[in-house]
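Tertiary structure, described
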Amino acid sequence: MLTDEYQYKILKLVQENPEISQRELAKALGVSLGKTNFCLKALAEVGLLKVSNFRNSKNKLAYMYMLTPKGIEEKAGITMRFLKYKMQEYENLQAEIEELRRAAGESVDEGVK
């Protein structure tokens, strides 16, 4: 199953550049070409992406990826879930940093005594 993070990133990249190659997408995501292919197929199977063939300028068969109306709607939902997740992660990090600062301050204070 695709995580919200990968779904969000794929849908965002495809929406920005429908002619992006799987190789370029894999590089942008930091994953293998095989995983990228799997993810794109999975998104197409559930109706979030439409895949079209076309010939590019190098006379090679290439693909164009377009978000379907369902994909656009799902991207909006994923964006909100991903934002909430990242905000919670940020708040947790802030709390951890504050705790470390207090502990470091206590260590410095103990060294002064």
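It should be emphasised that the depicted structure is a prediction, and the values quoted were computed from it without experimental measurement.

1. Digging into a nonpolar patch on the surface
Together, Met80, Leu83 and Met87 give the surface a local cluster of nonpolar side chains, amounting to about 280 Å² of exposed area. Mapping Met87 onto the fold places it in helix α4 (residues 69-112).

2. So, the packing of helix α1 (residues 4-16) against helix α3 (residues 33-45)
Between α1 and α3, the least distance of the axes is 11 Å, while the angle of their chain directions is 85°. Considered as vectors, α1 and α3 are oriented roughly perpendicular to each other. Residues Tyr6, Gln7, Ile10 and Leu11 of α1 form the contact with α3, whose own contacting residues are Lys35, Cys39, Leu40 and Leu43.

3. Overview of the packing of helix α2 (residues 22-29) against α3
Two numbers describe how α2 lies on α3: the axes approach to 9 Å, and their chain directions differ by 105°. Classified by the interaxial angle, the pair formed by α2 and α3 is roughly perpendicular. Here Gln22, Arg23, Leu25, Ala26 and Leu29 of α2 lie close against α3, whose contacting residues are Leu33, Thr36, Asn37 and Leu40. Considered class by class, the residues forming the contact of α2 with α3 number 5 nonpolar, 3 polar and 1 charged.

4. Side note on α3
For α3, spanning 13 residues, the distance from its first C-alpha to its last is 18 Å, which sits close to the expected 18 Å at 1.5 Å a residue. At the C-terminal side of α3, Gly47 shows a positive phi close to 85°.

5. What about the pattern of salt bridges?
All chains considered together, the criterion is met by 6 salt bridges. Notably, a salt bridge pairs Lys9 with Glu5, separated by 3.0 Å at the nearest N-O pair. Of this pair, Lys9 and Glu5 both sit in helix α1, 4 residues apart, roughly one helical turn. The exposure class of Lys9 is partly exposed, given its relative accessible area of 32%. With its nearest N and O atoms 2.9 Å apart, the salt bridge here joins Glu16 to Lys12. One end of the pair is Glu16 and the other is Lys12, both in helix α1 and 4 residues apart, which spans about a single turn. In this structure Lys12 comes out as partly exposed when scored by relative accessible area, which is 30%. Because the salt bridges share partners, they merge into one network encompassing Asp4, Glu74 and Arg81.

Scoring rules and cut-offs
- Residues numbered from 1 in each chain as written.
- Predicted model: local features only at pLDDT ≥ 70, side-chain atom pairs only at ≥ 80, totals over all residues.
- Heavy atoms only, no water.
- Patch = residues over 30% accessible without salt bridge, like charges linked within 9 Å, V, L, I, M, F, W, Y side chains within 5 Å.
- Areas by Shrake-Rupley, 256 points an atom, 1.4 Å probe, with all protein chains shown as cover.
- Salt bridge = Lys/Arg side-chain N within 4 Å of Asp/Glu carboxyl O.
- Helix = DSSP H or I, 4+ residues; strand = E, 2+ residues; numbered from the N terminus.
- Axes fitted to C-alpha atoms, helices over the stretch in contact; angles between N-to-C directions.
- Parallel < 35°, antiparallel > 145°, perpendicular 65-115°, else oblique.
- Contact = heavy atoms within 4.5 Å.
- Nonpolar A, V, L, I, M, F, W, Y, C, P; charged D, E, K, R; others polar.
- Expected span 1.5 Å × (residues − 1).
- Buried < 20%, exposed > 50% of the residue type's maximum accessible area, 1.4 Å probe, protein only.

So yeah, pure geometry; function would need other evidence.
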